Amino acid sequence: MDAAAIPWWIWPLALLAVSFAIGIVAVLAGVGGGVLFVPLVGGLFPFHLDFVRGAGLVFALAGTLAAGPALLRAGLASLRLAMPLALVGSVGSFAGAMAGLALPTRLLQTALGVTITTIALLIWRSRATDAVNAEPDALGALLRLHGEFHDPSAGVTVDWHAQRTLLGLGAFGAIGFVGGVFGLGAGFANVPALNLLMGAPLKVAVGSSALLISIVNSSAAWVYIQHGALLPLIVVPAILGVTLGSRIGARLLRATPATVVRRLVIVAMLLAGLRALLKGLGW
Amino acid sequence: MVEIYARWLDGATKAGFMLSLAAFVAYVSGALPAYVPPAALPQLWGLSAARFAEATGAPQGWGWLALVGYGYYLCLAAAVLFAAVTLVCYLRLLPMLIRERAWLDALLALAQVVVLATAASGVVAGAG
């Protein structure tokens, strides 16, 4: 069916439904919603990729900002850990957003397809760890990147120290850049960088990743706003949908088999990534 | 530090959500003049951001602030609130860190404010 023949109000309603579904699935699968939102909406809706990426950033911002207070109060997100990483990530994200808005759409669409497909494969292959017994490095000690985390489900208290801080800062600069180019939250990369590279306990890594997205995405979001790449008819249903969906997802978390959802998300990302790739190549 | 950041984050996010909802209803229902009517968007949303601005005469940079009386730009203001939340929280944190003489944290917070304010200003992005 020709997209132009569809009444305008169908699109924001459909977007609300898609954002709601992504909000649920993202919580259950433990991925940031932007990594699903940008390729799915970019591939299935008639909006220009500039507006989809702008909405993707605000979509990820809305979800992580809403989760931030609860994560901080529960000790699941570390503001001390986030501050230096977010600073480097924000600079990367700012640069990435400017680069993304300057690139030709076809090239960007192709690169998005490659990136999303690669991320899906990385999520499929990634393994988390809670073995946190390494010594802190000098930079991590200077920045006081350490903390104590009590895990009520395991009944243990973990003392953690950041390690490989310089590499971590470099990683967050690069992650911020990729997120800025494609309008992604980049939680898929934050969690392994915090957990596997810097040695933060998994739950602290997941919580701090959300806090990091809420800070890092802000700088890219400003660039998109300044370039007029935020279309309210896309952004607002996305914000409302993901906020409501995330709440439902959090309630379903205990009763849903996370492995099955995770596999579904990987398949959805692979399909969306391939569609973006084909669209970019003009096939 | 953490509790203050969490409290401000909470308040600002809830305000952003409520304003988004109210502004969107006002825009699509026609309760406010639209500037870009929703029904005209299917002819425009396939254009790049630059061509969209040319086609609608939409101001770049902060020029839209003068147009928040229109539904389209009131919705945009609500979305912009989400981008502004972190800057507001850091600005709230900064004087407290200076008072406590937590110099390293204060320096990090100040640098973050500078990055976000630069991005928000549009100076480096070339928008005006």
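Everything quoted here is computed from the prediction, not taken from an experiment.

A. A look at the overall build of chain B. For chain B, the helix and strand inventory stands at four helices and zero strands. Taken from N to C terminus, the helices and strands of chain B fall in the order α-α-α-α. Here the C-alpha radius of gyration of chain B, 18 Å, is well above what a compact globule of 128 residues would show, namely 14 Å. Every one of the 128 residues in chain B was classed for burial, and the buried ones make up 48%. Of the contacts made within chain B by residues no fewer than 6 positions apart, 58% connect residues no fewer than 24 positions apart.

B. Region of the structure containing the environment of W8 of chain B. Residues and elements named next belong to chain B. For W8, the location among the structural elements is in helix α1 (residues 2–29). For W8 and V85, which are 77 residues apart along the polypeptide, the C-alpha to C-alpha distance reads 8.3 Å. Once you skip the residues sitting within four places of it in the chain, W8 turns out to touch V88, C89 and R92.

C. Main features of the nonpolar core. If you look at the biggest cluster of nonpolar residues, it comprises 136 residues, and the most contacted ones within it are F37, F47, L81, L194 and M269 of chain A together with Y5 of chain B. Of all the elements, helix α3 (residues 71–99) of chain B adds the most residues to this core, at 18 residues. Apart from the residues within four sequence positions on either side, L81 of chain A is in contact with L145, W160, L194, M198, A200, V204 and S208 of chain A.

D. Main features of the pattern of salt bridges. All chains considered together, the criterion is met by six salt bridges over all chains. The salt bridge involving D10 of chain B is made with R73 of chain A; its shortest N-O contact spans 3.7 Å. Taken together, the residues span two chains, with D10 of chain B in helix α1 and R73 of chain A in helix α3 (residues 49–73). On the basis of relative accessibility, which here comes to 22%, the residue D10 of chain B falls in the partly exposed class. Shared partners join several salt bridges into a network, and the residues in it are R73 of chain A together with E3, D10 and K14 of chain B.

E. The confidence of the model for chain B, seen in detail. In this model, chain B carries a mean pLDDT of 89, and residues with pLDDT of at least 70 account for 97%. As scored by the predictor, the complex reaches a pTM of 0.87 and an ipTM of 0.90.

F. Spatial organisation of α1 of chain B. All names here are of chain B. With 28 residues, α1 ought to run about 40 Å at 1.5 Å a step, and its terminal C-alpha atoms sit 40 Å apart, in line with that. Looking at α1, one finds that the buried residues are I4, Y5, A6, L9, T13, G16, S20, A23, F24, A26 and Y27. Count one or two residues on from α1 and you reach G30, which has phi positive near 85°.

G. The arrangement of the interface of chain A and chain B in detail. Taken together, the contact pairs 53 residues of chain A with 58 residues of chain B. Taking both partners together, chain A and chain B bury about 5,000 Å²; carbon and sulfur atoms supply 76% of that area. Among the residues chain A hides against chain B, the three largest losses belong to M83, W222 and Q226 of chain A. Together they make up 16% of the total. Connecting chain A to chain B are four salt bridges. Across the chain A-chain B interface, the total number found is twelve residue pairs in polar contact (both at pLDDT 80 or more). Only α1 (10–29), α3, α4 (79–102), α9 (202–226) and α10 (232–252) of chain A provide two or more residues apiece to the side of chain A that touches chain B. Top element by residues in the side of chain A that touches chain B is α3 of chain A. It accounts for eleven residues.

H. Here's a closer look at the packing of aromatic side chains. Considering all chains together, one arrives at 13 aromatic pairs over all chains under this definition. Plain terms: the ring middles of Y35 of chain B and Y73 of chain B are 5.1 Å apart, the flat faces sit at 70° to each other, and that makes the pair edge-to-face. Of this pair, Y35 of chain B sits in the loop between α1 and α2 (49–56) while Y73 of chain B sits in helix α3, placing them 38 residues apart in sequence. With relative accessibility at 30%, the residue Y35 of chain B sits in the partly exposed group. Summarising the aromatic geometry, the rings of W62 of chain B and W64 of chain B are spaced 5.8 Å apart at their centres and angled 25° between planes, so their arrangement reads as stacked. On the basis of relative accessibility, which here comes to 3%, the residue W64 of chain B falls in the buried class. Taken together, the ring pairs in this structure connect F51 of chain A together with Y27, Y35, F52, Y70, Y72 and Y73 of chain B into an aromatic cluster.

I. Geometry of the packing of α1 of chain B against α3 of chain B. Residues and elements named next belong to chain B. Where α1 meets α3, the closest approach of the two axes is 8 Å, and the angle between their N-to-C directions is 170°. In terms of orientation, α1 and α3 fall into the roughly antiparallel class. Partitioning the contact of α1 with α3 into residue classes produces 23 nonpolar, five polar and one charged.

J. Looking closely at α3 of chain A. All names here are of chain A. The terminal C-alpha atoms of α3 lie 37 Å apart, and with 25 residues this matches the ideal 36 Å at 1.5 Å per residue to within 8%. For α3, the buried fraction is high: 20 of the 25 residues fall into the buried class. Where α3 terminates, the next one or two residues include G75, which has phi positive at roughly 75°.

K. Spotlight on the side chain of N217 of chain A. All names here are of chain A. Topologically, N217 is positioned in helix α9. One polar contact links the side chain of N217 to the main-chain carbonyl oxygen of L57, over a distance of 3.5 Å. Not counting residues up to four positions away in its chain, the partners in contact with N217 are L57, A60, L61, L184, G185 and L212.

Criteria and thresholds
- Residues numbered from 1 in each chain as written.
- Chains lettered and ligands numbered in written order.
- Predicted model: local features only at pLDDT ≥ 70, side-chain atom pairs only at ≥ 80, totals over all residues.
- Heavy atoms only, no water.
- Helix = DSSP H or I, 4+ residues; strand = E, 2+ residues; numbered from the N terminus.
- Rg over C-alpha atoms; globule rule 2.2 N^0.38 Å.
- Buried < 20%, exposed > 50% of the residue type's maximum accessible area, 1.4 Å probe, protein only.
- Contact = heavy atoms within 4.5 Å.
- Core = buried A, V, L, I, M, F, W, Y, C linked by side-chain atoms within 4.5 Å.
- Salt bridge = Lys/Arg side-chain N within 4 Å of Asp/Glu carboxyl O.
- pLDDT = per-residue confidence, 0-100.
- Expected span 1.5 Å × (residues − 1).
- Buried area = accessible area lost by both parts, 1.4 Å probe.
- Polar contact = N/O pair within 3.5 Å; in protein donor to acceptor, adjacent residues only side chain to side chain.
- Phe/Tyr/Trp six-rings, centres within 6.5 Å; stacked < 30°, edge-to-face > 60°.
- Axes fitted to C-alpha atoms, helices over the stretch in contact; angles between N-to-C directions.
- Parallel < 35°, antiparallel > 145°, perpendicular 65-115°, else oblique.
- Nonpolar A, V, L, I, M, F, W, Y, C, P; charged D, E, K, R; others polar.

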